[in-house]
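# Examining the three-dimensional arrangement
Take a look at the letters that make up each chain.
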Amino acid sequence: MKKISIAGATGYTGIELLRLLVKHPEVEIVTLTAESHAGKNIADIAPSLKGWVDQTLVKLSPELATNCDVLFLALPHTTSMQNVPELLKGGCKIIDLSADYRLHDAKVYTDWYKTPHLNPEIIKQAVYGLPELHRDTIKQAQLVANPGCYPTSAILALAPFMQQDWADAQSIIIDSKSGVSGAGRKLRQSTHFCEANESVTAYGLGEHRHTPEIEQELSGLEGSDITVSFSPHLMPMTRGMLSTAYVNLKKNVTRDALHAHFVKFYKNERFVRVLEVGQYANTAHVAGSNFCDIGVQVDTRNQRAIVTSAIDNLMKGASSQAIQNMNLMLGIDETTGLDAPPLFP
Ligand SMILES: NC(=O)c1ccc[n+]([C@@H]2O[C@H](COP(=O)([O-])OP(=O)(O)OC[C@H]3O[C@@H](n4cnc5c(N)ncnc54)[C@H](OP(=O)(O)O)[C@@H]3O)[C@@H](O)[C@H]2O)c1
């Protein structure tokens, strides 16, 4: 059994990691950390885990990395990079769910996150943890930067268009909707029940921090710099994320041809389900699972492809994807502990 620890176990992604890891056949949980809840029992802070985990939460410290094989950091951004240099010396593998090591260029991080990166030299050793694109490098990595939820849904919807002479990679528009758990467990006014319930709003237009992450990965696939228009929205639901992406077509491409292209592109991917022609992605059909559902259409009047992609932001958008990465890093079957149908209804 491999030893696993989680820093930030009391947050939404930390609790989701625990829900999956307690049933994972190849791991045992060693240490759980929290900040404001340190000293308490995890089951008191996450009552859903009662009977599954019975552990006292401790404060994050460098020793954490010396007695486990894999350490998940489910921490706010900037907190991760304050701790990663010391934690790496402990020798364990680290999967960081924050944004701190996702961007390859420290200047881009500083521009979008409005804070200097504390250890740009470590960025180079981090691998962007989207298994469908970077499986082989993830297997070798000591530090994996787990992707953001919006980027996961957008990149998987758009990767098949890259390096295709029939697609205009500079014309991409992504419209995304997220459940409120995407903002984490910490209270803030915009996610207060009275503010988020019975209401849909756009936010971060033209400046959302996930934009450069989407551009970085699509540019890498295309082989040249791509900019995208990305518009996120907050939806009155607990979990779930839907992205609808638009790409101008340079040639006539039929809906059936586009569908066949997507089916071929993802034919070996267990966790990407390309829906039948005429079906569109639905967050309810992936809830609680590691699946990304993708539905395609062509708007022939405007010669534009439209792709819908649905994930659970806490799962494929965060914690189950992190476990998919852990499986790869440990050299075990990628689907271990993850291959289950979604929750429905
Ligand atoms: N929520 C999502 O859908 C989602 C998706 C993808 C990526 N992410 C990323 O994953 C990370 C965790 O997100 P989350 O939604 O789980 O956040 P969260 O619910 O706010 O949880 C944050 C966790 O970090 C701990 N913490 C806070 N400040 C700390 C500090 N200074 N030092 C040590 N620990 C500290 C908290 O402990 P206490 O509870 O004791 O205060 C808590 O366990 C974030 O970087 C987020 O951007 C989230």
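## Describing the domain arrangement of the protein
- Each assigned domain of the protein is listed here: domain 1 (2-146 + 318-330) and domain 2 (150-311).
- Centre-to-centre, using C-alpha coordinates, domain 1 lies 25 Å away from domain 2.
- Both sides of the domain 1 and domain 2 interface together cover about 2100 Å² of buried area, and 52% of this is carbon and sulfur.
- When the area that domain 1 buries against domain 2 is broken down by residue, the three leading residues are Y12, W112 and E132, summing to 31%.
- Scanning the region where domain 1 abuts domain 2 turns up three salt bridges.
- Salt-bridge contacts for E16 lead to R239; the nearest nitrogen and oxygen are separated by 2.6 Å.
- There are 16 residue pairs in polar contact (both at pLDDT 80 or more) connecting domain 1 and domain 2.

## Points about the packing of aromatic side chains
- In the structure shown here, the tally under the stated rule is six aromatic pairs.
- Consider the rings of Y150 and F230, whose centres lie 5.2 Å apart with planes at 70°: the pair is edge-to-face. Of this pair, Y150 sits in helix α7 (residues 149-158) while F230 sits in strand β9 (residues 229-234), and the two are 80 residues apart along the sequence.
- Taking the relative accessible area as the measure of exposure, Y150 reaches 2% and is therefore buried.
- Classification of F230 as buried rests on a relative accessible area of 3%.
- Where F265 meets Y266, the ring centres are 4.9 Å apart and the plane angle is 80°; that geometry is what we call edge-to-face.
- With relative accessibility at 37%, the residue F265 sits in the partly exposed group.
- Looking at Y266, the relative accessible area reads 4%, which means it is buried.
- Here the basic side chain of R273 rests over the ring of F291, its NZ or CZ set 4.2 Å away from the ring centre.

Rules of the game
Residues numbered from 1 in each chain as written. Predicted model: local features only at pLDDT ≥ 70, side-chain atom pairs only at ≥ 80, totals over all residues. Heavy atoms only, no water. Domains from an automatic or database assignment. Buried area = accessible area lost by both parts, 1.4 Å probe. Salt bridge = Lys/Arg side-chain N within 4 Å of Asp/Glu carboxyl O. Polar contact = N/O pair within 3.5 Å; in protein donor to acceptor, adjacent residues only side chain to side chain. Phe/Tyr/Trp six-rings, centres within 6.5 Å; stacked < 30°, edge-to-face > 60°. Helix = DSSP H or I, 4+ residues; strand = E, 2+ residues; numbered from the N terminus. Buried < 20%, exposed > 50% of the residue type's maximum accessible area, 1.4 Å probe, protein only. Lys NZ or Arg CZ within 6 Å of the ring centre and 35° of its normal.

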